[in-house]
Amino acid sequence: MPIKSYLAHPIAGRKDELLAALKGFDQCEVLPAENQNILALVTDTLNDKEDEILKEKIEALSSLKLLALVSGFNTPQ
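Everything quoted here is computed from the prediction, not taken from an experiment. (Residues numbered from 1 in each chain as written. Predicted model: local features only at pLDDT ≥ 70, side-chain atom pairs only at ≥ 80, totals over all residues. Heavy atoms only, no water.)

Asker: Describe the overall build of the protein, and please don't skip the residues or the numbers.
Answerer: Helix and strand counts for the protein come out as two helices and four strands. The C-alpha atoms of the protein give 12 Å as radius of gyration, which agrees with the globular expectation for 77 residues (11 Å, within 12%). Principal-axis analysis of the C-alpha atoms gives the protein an extent of 40 × 20 × 15 Å. Excluding contacts between residues fewer than 6 apart, the proportion of contacts in the protein whose partners are at least 24 apart in sequence is 67%. As presented, the protein carries roughly 5,000 Å² of accessible surface, and 54% of it is formed by carbon and sulfur atoms. Taken as two groups, the 8 positive and 12 negative side-chain charges of the protein have centres that lie 6 Å from each other. (Helix = DSSP H or I, 4+ residues; strand = E, 2+ residues; numbered from the N terminus. Rg over C-alpha atoms; globule rule 2.2 N^0.38 Å. Contact = heavy atoms within 4.5 Å. Areas by Shrake-Rupley, 256 points an atom, 1.4 Å probe, with all protein chains shown as cover. Lys, Arg positive; Asp, Glu negative; His and termini not counted. Charge placed at Lys NZ, Arg CZ, Asp CG, Glu CD.)

Asker: Residues and numbers for the nonpolar core, please.
Answerer: Counting residues in hydrophobic clusters, the biggest one holds 15 residues, and the most contacted among them are Leu-22, Leu-41 and Ile-58. At the level of elements, β1 (2–10), α1 (15–23), β2 (28–32), β3 (39–44), α2 (48–59) and β4 (64–74) are the ones that each hand at least two residues to this core. Contact partners of Leu-22, with chain neighbours within four places excluded, come to Ala-8, Cys-28, Val-30, Leu-39, Leu-41, Ile-58 and Leu-61. (Core = buried A, V, L, I, M, F, W, Y, C linked by side-chain atoms within 4.5 Å. Buried < 20%, exposed > 50% of the residue type's maximum accessible area, 1.4 Å probe, protein only.)

Asker: I'd love a proper account of α2, names of residues and values included.
Answerer: Residues separated by three or four positions in an α-helix point in the same direction, a consequence of the helix having 3.6 residues per turn. Spanning 12 residues, α2 covers 16 Å between terminal C-alpha atoms, matching the ideal 16 Å at 1.5 Å per step. Listed as buried for α2 are Asp-51, Leu-54 and Ile-58. Down the axis, α2 shows its buried residues gathered within 65° of arc, on one side only. Buried residues along α2 sit against β1, α1, β2, β3 and β4. One side-chain oxygen of the residue at the start of α2 lies 3.2 Å from the amide nitrogen of Lys-49, identifying that residue as Asn-47. (Expected span 1.5 Å × (residues − 1). Arc of directions from axis to C-beta. Polar contact = N/O pair within 3.5 Å; in protein donor to acceptor, adjacent residues only side chain to side chain.)

Asker: For the pairing of β1, give the residues involved together with the corresponding values.
Answerer: Two faces belong to every sheet, and in a regular strand the side chains alternate between them. Where β1 meets β4, nine bridges bridge the pair, whose relative direction is antiparallel. Bridging from a neighbouring strand, Ile-3 pairs with Phe-73 of β4. Of the strand pairs in this sheet, β1 and β3 are connected by six bridges, and their pairing is antiparallel. Within the sheet, the bridge partner assigned to Tyr-6 lies in β3 and is Leu-41. (Pairing = 2+ DSSP bridges.)

Asker: I'd like to hear about the environment of Cys-28, residue by residue, with values.
Answerer: Along the chain, the position of Cys-28 falls in strand β2. Using a relative accessible area of 8% as the deciding quantity, one classes Cys-28 as buried. Each C-alpha atom of the pair Cys-28 and Leu-41 lies 6.8 Å from the other, and the pair is 13 residues apart in sequence. Discounting chain neighbours no more than four positions away, the residues touching Cys-28 are Leu-22, Leu-41, Val-42, Thr-43, Leu-54 and Ile-58.

Shape is all these values report; function is a separate question.
See the structure below:
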């Protein structure tokens, strides 16, 4: 099970839009920073294939400027 954490940087003025879009994915937990224009994102998927599909969906969001991987690990199934 891949579990990864990211910093998601929204396009200026679109933080709330990005937050709402990320909350729409079942495999995502997202928290907005209170003093920065950034979101902390944790993903938890069943396998590498599902992880890659989710990452592609996130990167396709029009309100996302940059997605930076902070850490990740794989747990045995």
